[in-house]
Amino acid sequence: AAGSTKTLQKMVREVPVPDKNGYILGDEFLPNSQCTPLLVFVNSRSGSQQGQFLLTQLRRLLNPIQVWDLADGGPETVLESFSKLTRMRILVCGGDGTVSWILSALEKMGKERWPPVGILPLGTGNDLARVHGWGGGYGNESLLLILEQLSEAYVSMLDRWEMTVEDKKGRARRTSTFTNYLGVGVDAQAALQVHKLRESKPMLFFSRAVNKAWYAVAGAEDAIKESCADLPSKITLVADGVEVPLPADSQGIILLNIDSYSGGVPLWSHGSRSLRKRERRYSESDFTLMSYNSSPNPRRRQHAGGRMDSTDDVEIDDSLHELSYKERLAQITSCDLPSSCQDGMLDVVSIRGTFHLGQIRVGLSNAQLICQCKEATIKLKKKVPVQIDGEPWRQNTCTLRVKREKDPAIMLHRSPDESGGVETEMANLLDWAEERKVIDPHVHATLMREFSRRIESKTRQRRVKSQENLFFSMKRPKFIGNAS
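As the structure is a prediction and not an experimental result, all values here were calculated from the model. The residue numbers shown here count from 1 along each chain, following its written sequence. Only residues with pLDDT of 70 or above have their local features reported here, since the model is predicted, and side-chain atom pairs are shown and tallied only from 80 upward, although totals for entire chains, interfaces and linings are computed over all residues. Remark: hydrogens and water are excluded; side-chain values derive from all non-hydrogen atoms of the structure.

A.B. asks: Can you walk me through the overall build of the protein in this structure?
C.D. replies: Numbered from the N terminus, helices here are DSSP runs of H or I no shorter than four residues, and strands are runs of E no shorter than two. The number of helices and strands found in the protein is 12 helices and 18 strands. Using a 1.4 Å probe on the protein chains alone, a residue whose accessible area is under 20% of its type maximum counts as buried, one over 50% counts as exposed, and one in between counts as partly exposed. In the protein, which comprises 484 residues, the proportion classed as buried is 48%. Whether two residues touch is decided by their heavy atoms; if any such pair falls within 4.5 Å, the residues are in contact. For the protein, restricting intrachain contacts to residue pairs at least 6 apart in sequence, the fraction spanning at least 24 positions comes to 73%. Using a 1.4 Å probe, accessible areas were evaluated by the Shrake-Rupley method; residue-level cover was limited to the displayed protein chains. Total accessible area computed for the protein in this model is approximately 25000 Å², and 53% of it derives from carbon and sulfur atoms.

Written out as structure tokens, the structure is:
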């Protein structure tokens, strides 16, 4: 049987037959089993003229069949043919919306294991690219350097969330998936105004800076109108089965999967609780994460061995139903876990308007932390603006139900320069162990998830340490002079 298989593989190499899409692809055509073929999707309409430029340059550097222009059609056909390559990697050149498009196409394919996805950011906010280390936008860096970084990047998991719109009778009317955030209220209203302007006059949106300026104009207009001033009377938030009261001055709530909003604003890690009173403008705590292990939290469980030193060792207790309403509400609104895009939790914050959002953006204020939950239900009593990952619309009276998708997306996180590629080697080691039957696919997936969580925790610690160093360098030195 082994001889027959080798003979068949030899025949396939010598007499290749194109698939139904015209491609001749397969692992048997690769030099060795360690090769990681790259498939590139380019949104040539993104980033002013950057998309078209990248399309031309990448086709010169790579085989032209590896680079697909999404303006010529969707990704489904190309993905179907390239999925024969078991160690394939994907590079998406576009904004967060383009990345979500590719992830949705991968989900529909129903593959047991997704190819990892890297990002070359060409959009306006590029929040998904930021949290995975690819920066806030392409600045004409060397494409050879970017391709090298992509080959050294390590795998990172990303939760995906499903939002279902139900009518008054509980019938599902619309289902959408998001990876970044879901916003209800004033932030969605500003995004909707910009969206309408872009649809009617696309020539006004020709660069990332100009696009952001239009968002600022829309926000300033709504700051005067205060179109969502009475939001708490229009919506009801239920988190993990518990109704959570909204602040009386809330004009918008945002359900975060990643701690990067509107071009890199960390709403959760720099947010504040409603009862917290600050006596001074800046303090060391403004530049560090809160101590998540300082106070006991019934929602945590301690692993065997007594260790609970990071979010890697945190599990969420499912015994909330055994507690009273006040106890459940206190646990859900404790807001003492750091934001993570792979912990199965949504971080919910409140903002007081577009002017408040502008203050947050420049560091003059903070979002108000509301709660953290595994599932959320938002009941809309009146027509309000809603957005998911920058896609806005006005939603009639309904119920929005949000829950996590079963399978996370597999992303590529840029390796930090100081790591020396250790993270990538660890991921390669797990692939090697599975190929040689040392571990089975289930163990591989379990170890990869745990590895991804631990690396995320270390990355967070490095970021906090960097912020601490920045804060201490800003302190004025004290000089003691001689008394005269």
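A.B. asks: What is the right way to read the nonpolar core from this model?
C.D. replies: Looking at soluble globular proteins, one finds that nonpolar side chains tend to be buried together. Buried residues of nine kinds, namely Ala, Val, Leu, Ile, Met, Phe, Trp, Tyr and Cys, make up a nonpolar core once their side-chain atoms join them within 4.5 Å. Counting residues in hydrophobic clusters, the biggest one holds 58 residues, and the most contacted among them are V40, I90, C93, L103, L120 and M411. If we skip the residues at most four places from it in the chain, C93 touches V40, F41, V42, N43, L54, L58, L120 and L122. Within the second largest apolar cluster, 32 residues are counted, among which are A239, C371, A376 and L380.

A.B. asks: Looking at this model, I keep getting lost on the pattern of salt bridges. Mind explaining?
C.D. replies: Charged atoms that come close allow side chains of opposite charge to pair. Whenever Lys or Arg places a side-chain nitrogen within 4 Å of a carboxyl oxygen from Asp or Glu, that contact is recorded as a salt bridge. Tallying each qualifying case throughout the model produces 14 salt bridges. Between E434 and R113 there is a salt bridge, and its shortest N-O distance comes to 2.3 Å. Placement of E434 in helix α11 (residues 422-435) and of R113 in the loop between α4 (96-109) and β4 (117-121) is noted, with a sequence separation of 321 residues between them. The exposure class assigned to E434 is buried, which follows from its relative accessible area of 15%. Put simply, R87, D431, E435 and R436 are held in one network by salt bridges that share partners.

A.B. asks: Can you walk me through the pairing of strand β14 (residues 376-380) in this structure?
C.D. replies: On a regular strand, each side chain points to the face opposite its neighbour's, so the side chains alternate between the two faces of the sheet. Extensive coverage of β14 is indicated by the burial of 4 of its 5 residues. By the bridge criterion, 5 bridges tie strand β9 (residues 235-239) to β14 in an arrangement that is antiparallel. Looking at β14, one finds that T236 is bridged to K379. In this scheme, strands are said to pair when DSSP sees at least two bridges between them. Summarising the sheet, β14 and strand β17 (residues 398-404) pair through 5 bridges and their orientation is antiparallel. Within β17, the position partnered with A376 by the bridge is V402.

A.B. asks: Please explain the sheet that holds β14 as it appears in this structure.
C.D. replies: Strands pair in a sheet through their backbones, by hydrogen bonds, and they do so in one of two ways: parallel or antiparallel. With antiparallel pairing, 6 strands are arranged side by side in an open sheet as β7-β6-β17-β14-β9-β10. One side of each edge strand has no neighbouring strand; the edge strands of this open sheet are β7 (172-178) and β10 (242-244). If you compare each strand with its neighbour and ignore which way they point, the axes differ by 20° on average. Note on geometry: axes are C-alpha line fits, over the in-contact stretch for helices, and angles between N-to-C directions span 0 to 180 degrees. Here helix α9 (residues 325-332) sits on the sheet in contact with β9 and β10, set at roughly 60° to β10.

A.B. asks: How should the confidence of the model for the protein be read in this particular structure?
C.D. replies: Should the pLDDT be low somewhere, the predicted coordinates at that spot are not to be read in detail. Here pLDDT means the predictor's own confidence in every residue, given as a number from 0 to 100. Residues at a pLDDT of 70 or more form 80% of the protein, whose mean pLDDT is 82. Note that pLDDT drops below 50 for residues 276-296; the model gives that stretch 36 contacts with residues more than four away or on any other chain. Per-residue pLDDT stays below 50 along residues 474-480; that stretch engages in 1 contact with residues further than four places along the chain or on separate chains.

A.B. asks: Would you explain the sheet that holds strand β12 (residues 346-351) in this entry?
C.D. replies: Spatial ordering of the open sheet is given by β13-β12-β11-β8-β15-β16, a layout of 6 strands whose pairing is antiparallel. What marks the edges here is a single partner per strand, and that holds for β13 (368-373) and β16 (391-395). Taken pair by pair, the neighbouring strands of this sheet meet at an average axis angle of 20°, ignoring direction. In this sheet, strand β15 (residues 384-388) lies alongside strand β8 (residues 181-185) in antiparallel orientation, the contact comprising 3 bridges. The partner of G183 across the bridge, within β15, is Q387.

A.B. asks: Teacher, can you tell me more about the packing of aromatic side chains here?
C.D. replies: The description of an aromatic ring pair rests on the distance of the ring centres and on the angle between the ring planes. Each aromatic pair joins two rings of Phe, Tyr and Trp (for Trp, the six-membered one) with centres within 6.5 Å, and gets the label stacked for planes under 30 degrees apart, edge-to-face for over 60, and tilted for any other angle. Using the criterion set out here, one finds 2 aromatic pairs in the structure. The interplanar angle of 70° and the centroid separation of 5.7 Å between the aromatic rings of Y23 and F82 together place this pair among those described as edge-to-face. Of this pair, Y23 sits in the loop between α1 (2-14) and β1 (38-42) while F82 sits in helix α3 (residues 76-82); the two residues are 59 residues apart in sequence, bridging distant segments of the chain. Taking the centre distance of 4.8 Å and the plane angle of 65° together, the rings of Y181 and Y261 count as edge-to-face. One end of the pair, Y181, is in strand β8; the other, Y261, is in the loop between β11 (252-256) and α9, and 80 residues separate them in sequence.

A.B. asks: How do you make sense of a nonpolar patch on the surface when you look at a structure like this?
C.D. replies: Residues qualify for a patch when their relative accessible area is over 30% and they have no salt bridge, like charges being joined within 9 Å and the nonpolar side chains of Val, Leu, Ile, Met, Phe, Trp and Tyr within 5 Å. A cluster of nonpolar residues, M426, L429, W432 and V438, forms a patch on the protein surface that exposes about 370 Å² of accessible area. Residue position: V438 is located in the loop between α11 and α12 (441-474). Given a relative accessible area of 55%, V438 falls into the exposed group.

A.B. asks: Please clarify how the environment of C35 should be interpreted in this entry.
C.D. replies: The residue C35 is located in the loop between α1 and β1 in this model. The class of C35 is partly exposed, set by a relative accessible area of 22%. Considering only alpha carbons, one finds C35 and L85, 50 residues apart in sequence, at a separation of 9.7 Å. For C35, the residues in contact, after removing those within four places along its chain, are L30 and R87.

A.B. asks: Would you mind showing me how to read α4 here?
C.D. replies: Helical geometry: 3.6 residues make up each α-helical turn, so side chains three or four residues apart lie on a common side. End to end, α4 covers 20 Å across 14 residues, agreeing with the expected 20 Å (1.5 Å per residue, within 8%). For α4, every residue scored as buried is listed here: D96, T98, V99, S100, I102, L103, A105 and L106. Taken from the residues just after α4, G110 is the one with a positive phi, measuring 70°. The length a helix should cover is 1.5 Å for every residue beyond the first.

A.B. asks: What am I meant to see in unusual backbone geometry here?
C.D. replies: Excluding glycine, residues mostly carry a negative phi; peptide bonds, for their part, are mostly trans. Phi is positive for N140, which is not a glycine, with a value near 65°. Mapped onto the elements, N140 comes out in the loop between α5 (127-131) and α6 (143-152). Positive phi outside glycine occurs at S262, with the angle close to 55°. You can see S262 is positioned in the loop between β11 and α9. Judged by relative accessible area, which is 35%, S262 ranks as partly exposed.

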